[in-house]
Amino acid sequence: MRLQHCLGCGTCQHPLRPICVTCGRHRPDEVPAAGTGVVDSFTVVNRTGEPFVLARVRLTEGPIVLTHLTGIPDPRCDQPVRLVEGSDPPVFTGRKDTGSDDGL
Amino acid sequence: MTGVAIAGAAECDLGKTGRTILELQTQAVTRALDDAGLTLADVDGIATNGISRFSATQLADWLGLQPSWCDSTFAGGAVFEMYVARAAQAIAAGQCRTVVISYASDQRSARSRRLHAVYDEGTPEAEHEAPYRPMYPISYYAMVAQRYLHEHGLTRADLAGVAVAARERARRNPAAWTYGLGPLTADEVLAAPMISSPLGRLDCCLVTDGGGAIVMTSLDRARDLPKKPVEVLGYGEALTHTGMATAPDLLRTGAIDSGRRAFERAGLVPADVDVVQLYDSFTISVPLGLEALGFADPGAGLGATVPHNTGGGGLAYCHPGQLGVLLLVEAVRQLRGVCGDRQVPGARTALAHGTGGIFSSHATVILGVDR
């Protein structure tokens, strides 16, 4: 998962854009996401087929991404999660909240 | 005060009509003009959408008009409140004299309602959201609801009360889709099929045909027309996002800024408003909207006491894909005092608040009876 880090104002943003939308600086640096965050909110989608958990995850760097939660039977808001390595599209699963990024 | 008024308002046929969009549009426009004591020959401004790629032009052609002003801004169901602002400005500036704002949908008869998102190629949503298959728009509102319940220590049962209350109001509106269905219970709301948790089928607005129109002209001219003029006192709008992951705070919607701008323009505060028409796309939209507009503190919207959605709203009256124009129709009728069993006694100031997309666009209009 790729983010952008702006050297002008220090903001991280997602999705990638030609400018930093916080300060207007052109071509912010592309950086890899740490892969950790917390669940901002979620919904179990009962559509056709198997239900799935759609979620907004607030990444440790600040930006929010839309994703799925996997392996979390009873998700809750503010729960710490980590990126499932190698997942495509990227999805998240639970992690212990140790205040660091050791979930990776 | 804008010096511009709503002189006519009407619904087209509602529910399951078997009519086309243009037939319903014709009903809406001609009924609103009748209500205003005007005719098609008076119309020199048109604002509409949802007909075709060039909706205002299409409607003008269909009705045999060559207007000097039009607007087909497309920003979801909030846009009719935006049209009121644009029309008020155009009339005040002298670009046109009589504007019809109209909308109609045949979505129930045509079975054209889609539940999946439609992604425009090249947008960030097509790349970053489509792979996750959200239902649109409900999955966004569901995440808002989940966050709302989490932050305020509430449950689905609390939200169910919104649907119960909407049905109760629709029982006093003979035009409502659910009129005559009897009361709804919280248990029924909770037992309905879950669609995108925590929102079930009865947390969602209806899918019906329907629409309506309003006629706007200068307040001076409206005073010479048969019905009591309803003046546009203020308006405001706010656009915040299209993506499901953009908004930094799900509970801080654009209604906060839209409402504040409208109140500032009108020189009024929420306590001055007698009746509110709020876009109730889903149960969560009601408490959150009433809070954002200043009628309740954060987390207390379910207990707001201001009379609202008096006709039953999108949850129980009619939801033709975009509700915005019908919010204005009900607001006008409340201010004219013609709402019968559901009339808010002595209502002199009304607020209509439209929402579009996934809480993406917001527009607020404050109306008052001429005195």
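Thresholds, definitions, all that
Residues numbered from 1 in each chain as written. Chains lettered and ligands numbered in written order. Predicted model: local features only at pLDDT ≥ 70, side-chain atom pairs only at ≥ 80, totals over all residues. Contact = placed C-beta atoms within 7 Å. Helix = DSSP H or I, 4+ residues; strand = E, 2+ residues; numbered from the N terminus. Nonpolar A, V, L, I, M, F, W, Y, C, P; charged D, E, K, R; others polar. UniProt positions renumbered as here; feature names shortened; annotations may be inferred. Pairing = 2+ DSSP bridges. pLDDT = per-residue confidence, 0-100. Axes fitted to C-alpha atoms, helices over the stretch in contact; angles between N-to-C directions. Parallel < 35°, antiparallel > 145°, perpendicular 65-115°, else oblique. Buried ≥ 20, exposed ≤ 12 C-beta atoms within 10 Å, placed from the backbone. Domains from an automatic or database assignment. Core = buried A, V, L, I, M, F, W, Y, C linked by C-beta atoms within 7 Å.

Student: Which parts of the structure should I look at to understand the interface of chain A and chain B?
Tutor: Accessible area lost when the parts come together is the quantity often used to give the size of an interface. Counting residues at the interface gives 18 residues for chain A, matched by 20 residues for chain B. Those elements that provide at least two residues to the side of chain A that touches chain B are β4 (36–45), β5 (52–59) and β6 (64–69) of chain A. In terms of residue count, β4 of chain A provides more of the side of chain A that touches chain B than any other element does, 6 residues in total. For the side of chain A that touches chain B, the class distribution of residues is 10 nonpolar, 5 polar and 3 charged.

Student: Could you clarify how one ought to interpret the UniProt feature "domain: ChsH2 C-terminal OB-fold" (unreviewed entry) in chain A in this entry?
Tutor: In this numbering, the UniProt entry assigns the feature "domain: ChsH2 C-terminal OB-fold" (unreviewed entry) to residues 30–84 of chain A. With 0% helix and 56% strand, the stretch residues 30–84 of chain A has end C-alpha atoms that lie 20 Å from each other.

Student: What is the right way to read the sheet that holds strand β1 (residues 2–5) of chain A from this model?
Tutor: For sheets, the rule is that strands pair by backbone hydrogen bonds, running either parallel or antiparallel. Residue and element names in this part refer to chain A. Sheet architecture is open: 3 strands sit in the order β2-β1-β3, paired in antiparallel fashion. Edge strands, defined here as strands with exactly one partner in the open sheet, are β2 (12–13) and β3 (29–32). In the sheet, β1 pairs with β2 via 2 bridges, with the strands oriented antiparallel. Across the sheet, the residue bridging to Gln4 is Gln13, located in β2.

Student: Is there a simple way to think about the confidence of the model for chain B in this case?
Tutor: Atomic detail in the predicted coordinates should be set aside for any region of low pLDDT. Taken residue by residue, chain B gives an average pLDDT of 96. The fraction at 70 or more is 99%. Interface predicted TM-score (ipTM) for the complex: 0.94; the corresponding pTM is 0.96.

Student: Where do I start with the packing of helix α3 (residues 79–93) of chain B against helix α13 (residues 324–336) of chain B in this structure?
Tutor: Axes are the key here: two packed helices are described by the angle between their axes and the distance separating the axes. Residues and elements named next belong to chain B. Packing of α3 against α13 leaves a shortest axis separation of 6 Å and a crossing angle of 65°. The orientation of α3 with respect to α13, classified from their angle, is roughly perpendicular. Across the interface between the two elements, Val79, Phe80, Glu81 and Val84 from α3 touch Gly324, Val325 and Leu328 from α13. Here the contact of α3 with α13 is composed, by residue class, of 5 nonpolar, 1 polar and 1 charged.

Student: What am I meant to see in the UniProt feature "domain: Thiolase C-terminal" (unreviewed entry) in chain B here?
Tutor: Mapped onto this numbering, the UniProt entry annotates "domain: Thiolase C-terminal" (unreviewed entry) at residues 236–368 of chain B. With 28% helix and 18% strand, residues 236–368 of chain B has end C-alpha atoms that lie 16 Å from one another.

Student: Sorry if this is basic, but what is going on with the environment of Asp274 of chain B here?
Tutor: All names here are of chain B. Note that Asp274 resides in the loop between α10 (255–266) and β9 (275–278). On the basis of neighbour counts, which here come to 18 C-beta atoms within 10 Å, the residue Asp274 falls in the partly exposed class. Setting aside anything within four residues of it in sequence, one finds Asp274 in contact with Val344, Ala347, Arg348, Thr349 and Ala350.

Student: What is the right way to read the domain arrangement of chain A from this model?
Tutor: Residue and element names in this part refer to chain A. When its domains are assigned, chain A resolves into domain 1 (1–32) and domain 2 (34–98). Relative to domain 2, the C-alpha centre of domain 1 lies at a distance of 23 Å. Facing 5 residues of domain 1, the contacting portion of domain 2 comprises 7 residues. Looking at side-chain class alone, the side of domain 1 that touches domain 2 contains 3 nonpolar, 2 polar and no charged residues.

Student: When you look at the nonpolar core in this model, what are you seeing that I'm missing?
Tutor: In summary, soluble globular proteins display a tendency toward joint burial of nonpolar side chains. All names here are of chain B. With 141 residues, the main nonpolar core has Ile101, Ile214, Met216 and Leu328 as its most contacted residues. The element that contributes the greatest number of residues to this core is α3, accounting for 10 residues. Beyond its immediate stretch of four places on either side in the chain, Met216 contacts Val4, Ala5, Ile6, Ala7, Ala87, Ala88, Ile91, Val99 and Ile101.

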